[in-house]
Amino acid sequence: MQEPELVLEATAYTIDQLLSRDWRQIALAGRSNVGKSSLINAMARRRTLAKVSSTPGKTRSVNYYAVKPWGFYLVDLPGYGYARASHEERRKWASLLERYLKECRELVCLVLLVDGRLAPQKIDVQLAEYAKSIGLRVIPVLTKADKCKQREIGARRAEWKQILGVAPIVTSSASRFGMKALWQAVCREMDVELPDEGQAASVAKVAAGAGGDGCAGQSPDAGGTAS
Ligand SMILES: Nc1nc2c(ncn2[C@@H]2O[C@H](COP(=O)(O)OP(=O)(O)OP(=O)(O)O)[C@@H](O)[C@H]2O)c(=O)[nH]1
Ligand SMILES: [Mg+2]
């Protein structure tokens, strides 16, 4: 499978900016440091497209990545639940996120990232329930599978399946485990077809010209667990 090309097209800070983009979009949400920006890089096979840091709170703006050739956005959101952010900052971000989820007519689906090492956290469950309550579809994604034991992954999948009715896609941005399954889920939600290897030749050329395959390729089947 050939993944599409991602291009950073815009950044936003205010609700007006957030509601002003007219392409369909799919947003990545999750706690600070869960691995949203890393996942964007792994999906794009690039190392430095989205800024990544071991210090939580790295992403401060909402970043729109155009998915080419299809013409929709993957939206990298700042993380929530960052313990060192002030109460005021957290309150502002929560209200911005809530308005974006509720009012953005172009938002098709929410990809909810959860750390594979942690039991479901209240703040993530609340976000998932809020999304469902406003009719927004949710794709749950477990991150950092390379740091998890098989039995942890099994437990997390069962816990989240009980909460959401669907088991999360298991991923590792470090190894690119789960990227094929993730792209397939995104394409299903956005109603587009992933190009097969033949169709993808022209897309691959453009991506190669755009600079760098930063990650070692590995594309396991949907719903698999980390090796
Ligand atoms: N081992 C491993 N580390 C990961 C993985 N994904 C992310 N990380 C690490 O986790 C840290 C946070 O990653 P980011 O992608 O910046 O997280 P984020 O969710 O975008 O964080 P904020 O922008 O603060 O909300 C970095 O040190 C990454 O290298 C993964 O799949 N495996
Ligand atoms: Mg980030």
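Keep in mind it's a predicted model, so treat the numbers as computed, not measured.

1. Topic: the site of ligand 1
Around ligand 1, the surrounding shell holds 22 residues, and the nearest of these are K36, S38, G57, D146 and S173. Residue G35 places a main-chain N or O atom 2.9 Å away from an oxygen atom belonging to ligand 1. Separating an oxygen atom of ligand 1 from a backbone N or O atom of S37 is a distance of 3.0 Å. Look at ligand 1: alone it shows 660 Å² of surface, and the protein chains cover 87% of it. Looking at side-chain class alone, the shell around ligand 1 contains 4 nonpolar, 12 polar and 6 charged residues.

2. Description of the nonpolar core
Side chains of nonpolar character tend, in soluble globular proteins, to be buried together. The biggest cluster of nonpolar side chains holds 37 residues, and the ones touching the most others in it are Y64, L77 and Y100. Among the elements that make up this core, the one with the highest residue count is helix α3 (residues 87-103) (5 residues). Non-local contacts of Y100, meaning those with residues more than four positions away in its chain, are made with I15, L18, Q25, A27, Y64, V75, L77 and L107. Judged by nonpolar contacts, the second largest core, of 30 residues, contains I40, A50, A181 and L182.

3. Section: the packing of helix α4 (residues 122-133) against helix α5 (residues 150-164)
In the contact formed by α4 and α5, the axes pass within 11 Å of each other and the chain directions differ by 35°. Like other packed secondary-structure pairs, α4 and α5 cross with a definite hand, here right-handed. Here D124, V125, A128 and K132 of α4 lie close against α5, whose contacting residues are W160, I163 and L164. A breakdown of the residues in the contact of α4 with α5 according to their chemical character gives 5 nonpolar, no polar and 2 charged.

Parameters and conventions
Every chain's residues receive numbers from 1 upward, in the order its sequence appears when written. Here chains are named by letter from A upward and ligands by number from 1 upward, in the order in which they appear as written. Given that the model is predicted, a residue must reach a pLDDT of at least 70 before its local features are reported, and side-chain atom pairs must reach 80 or more before they are shown or counted; all residues, however, enter totals for whole chains, interfaces and linings. Derived side-chain values reflect all non-hydrogen atoms in the structure, with water molecules and hydrogen atoms excluded from consideration. The rule for a residue being near a molecule or strand is that one of its heavy atoms must lie within 4 Å of it. Here a polar contact is recorded for every N or O atom pair within 3.5 Å, except that within protein the pair must consist of a potential hydrogen donor and a potential acceptor, and residues adjacent in sequence are included only if both atoms are side-chain atoms. Accessible areas in this description were obtained via Shrake-Rupley with a 1.4 Å probe; residue shielding takes into account the shown protein chains only. Side-chain classes follow a simple rule in which Ala, Val, Leu, Ile, Met, Phe, Trp, Tyr, Cys and Pro form the nonpolar group, Asp, Glu, Lys and Arg form the charged group, and the remainder, Gly included, forms the polar group. Each nonpolar core is a collection of buried residues, namely Ala, Val, Leu, Ile, Met, Phe, Trp, Tyr and Cys, held together in the definition by side-chain atoms within 4.5 Å. Working definition: with a 1.4 Å probe on protein chains only, accessible area under 20% of the residue-type maximum means buried, over 50% means exposed, and in between means partly exposed. Runs of H or I in DSSP of at least four residues are treated as helices and runs of E of at least two as strands, each being numbered from the N terminus. We call two residues in contact when some of their heavy atoms are within 4.5 Å. For helices, the fitted axis covers only the stretch in contact; all axes are lines through C-alpha atoms, and the angles between them, taken along N-to-C directions, range from 0 to 180 degrees. A crossing counts as left-handed when the near helix is turned anticlockwise from the far one by less than a right angle, and as right-handed when that turn is clockwise.

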